[in-house]
Amino acid sequence: MFLKSIKNILCNKSRSMLTMVGICIGAMSVVIISTISATGTNEVNSQLINMGIDSVMVQVNKNVDDVVLSDEDIDEIKNISGVKDAMPLMSSITQSYLLNYTVDCVAWGIDKSADELISLKAKYGRLITNHDILSNSKVAVIDENIALQSYGRGNVVGKKVRIFLGGTFHEYEIVGVAESGITNLQSILSNIVPSFVYIPYSTMQMDTGRKNFDQIAVKLKPSEDNEQIISTVESHLNNIYNKENAISAYNLLQQKGQLESIMDMITIVLSSIAGISLVVSGLSVMTAMLASVSERRREIGIKKSIGAKNSDIYKEFISESLILSLTGSAVGIAFSILFLKLIAFFFRISIVFDWQIIMILIVSSAVVGIIFGAYPARKAAKMEPVKALH
């Protein structure tokens, strides 16, 4: 049956080719859009993980003025069962000055545990150490983006950077250049995602004249009841200060999950919009099959006159429609994967294919072929032999 259908399709190569091109374009649209969405989702998720979004953040609520986070709070948090580590965090949106270049950045006050809580990695030099914290060292770790903007190279260890804190510029020695995992995201969203500078939190307290922390980053042990631990941290600190709802602990990983749900929904919506072109191309399948029925009236009449059943004629035309649709879809998927692989190779980016949507696309193509081929197949099957031969 399928071999005969393929032979019939090849009898009119030009029309069959044009019909499959329509299906091919629709399939390519779905694959390219879904892959771009999946790649973007994966990239954002990986960058958020590296920024520490898989941690729990503890902070004082905005409407509370008489409570500040301190070293004692960090010790209390570390003693709670299920907590792996805790680190003070200070932040300031500011400017850094390096080799006559001024760069807008976020200055982070961190301690020696930063590499575990926010996946901070030193590409050149080193990170902040416990000695830096205890001695209030005037040292800094900058991300590679700042180094590239100023010196045009990544390794600037030993150079000086001036950071605006507490109303004046302070000079720090660069002891490390960080590969924090956000560099790729910065290259895409350079106007949105800022550059980062890391200094010892004790030094930041000294230079800003502050004694408190903005937040405490908490790393939980794996395979623990996260929600219960978060609730325990929150209630324990509130009990210490004898206040209700003075301190909040929130799970950034849960917010990441909500972000993933939103981005997945966007992917589905965009892929569905692209899928409309696939449905529209189904009309070309119907047009091609109706033309085929008209051209093959005599053939249909002969087949029915020698004993072919209506179901045989119906299956023959449905299989032709199905082959046209699936072949066009397969070619479109293959071309789009090849195109995206070439883009990934030349631009050195990691491509993530949404294979679930690709499988749905294949099934949808088959459905489109059957639905839009049903009417021409029925018309051919219902044809009376005498009229067909006449």
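Residues numbered from 1 in each chain as written. Predicted model: local features only at pLDDT ≥ 70, side-chain atom pairs only at ≥ 80, totals over all residues. Heavy atoms only, no water.

Student: Looking at this structure, I do not really get the overall build of the protein chain. What am I missing?
Tutor: Per the secondary structure count, the protein chain includes 14 helices and 10 strands. Residues classed as buried in the protein chain amount to 46% of the 390 residues present. Long-range pairs, those at least 24 residues apart, make up 77% of the contacts in the protein chain with a sequence separation of at least 6. When the accessible area of the protein chain is evaluated, it comes to approximately 20300 Å², of which 58% is carbon and sulfur surface. (Helix = DSSP H or I, 4+ residues; strand = E, 2+ residues; numbered from the N terminus. Buried < 20%, exposed > 50% of the residue type's maximum accessible area, 1.4 Å probe, protein only. Contact = heavy atoms within 4.5 Å. Areas by Shrake-Rupley, 256 points an atom, 1.4 Å probe, with all protein chains shown as cover.)

Student: What is the right way to read the pairing of strand S2 (residues 83–98) from this model?
Tutor: On a regular strand, one side chain projects to one face of the sheet and the next to the other, so that they alternate. As paired elements, S2 and strand S9 (residues 215–220) share 6 bridges and run antiparallel to each other. Across the sheet, Met87 pairs through a bridge with Ala217, a residue of S9. With 9 bridges connecting them, S2 and strand S3 (residues 101–110) associate as antiparallel partners. Directly across from Thr94, in S3, lies its bridge partner Cys105. Counted between consecutive antiparallel strands, the loop separating S2 from S3 contains 2 residues, among which Leu99 sits at a positive phi close to 55°. Of the strand pairs in this sheet, S2 and strand S6 (residues 160–165) are connected by 2 bridges, and their pairing is antiparallel. (Pairing = 2+ DSSP bridges.)

Student: Sorry, what's going on with the confidence of the model for the protein chain here?
Tutor: When pLDDT drops low, the exact placement of atoms in the prediction is not to be read closely. Within the protein chain, residue pLDDT values average 82, and 87% of them lie at 70 or more. Across residues 181–192, confidence stays below pLDDT 50; counting only partners more than four residues off in sequence or on other chains, it has 18 contacts. (pLDDT = per-residue confidence, 0-100.)

Student: Please clarify how a nonpolar patch on the surface should be interpreted in this entry.
Tutor: Where nonpolar side chains cluster on the molecular surface, the patch consists of Ile262, Met265, Ile266, Ile268, Val269, Leu270, Ile273, Ile276, Val280 and Leu283 and spans about 920 Å² of accessible area. Along the chain, Ile262 turns up in helix H10 (residues 252–295). (Patch = residues over 30% accessible without salt bridge, like charges linked within 9 Å, V, L, I, M, F, W, Y side chains within 5 Å. Salt bridge = Lys/Arg side-chain N within 4 Å of Asp/Glu carboxyl O.)

Student: Can you help me understand the packing of aromatic side chains in this one?
Tutor: Two aromatic rings, taken as a pair, are described by how far apart their centres are and by the angle between their planes. For the coordinates displayed, the defined rule picks out 7 aromatic pairs. Both rings, one in Tyr201 and one in Phe213, keep their centres 5.5 Å apart while their planes meet at 80°; by these two values the pair is edge-to-face. One end of the pair, Tyr201, is in helix H8 (residues 201–208); the other, Phe213, is in the loop between H8 and S9, with 12 residues separating them in the sequence. Residue class for Tyr201 comes out buried when judged on its relative accessible area of 12%. For the pair Phe345 and Phe346, a centre-to-centre distance of 5.4 Å together with 75° between the ring planes defines the contact as edge-to-face. (Phe/Tyr/Trp six-rings, centres within 6.5 Å; stacked < 30°, edge-to-face > 60°.)

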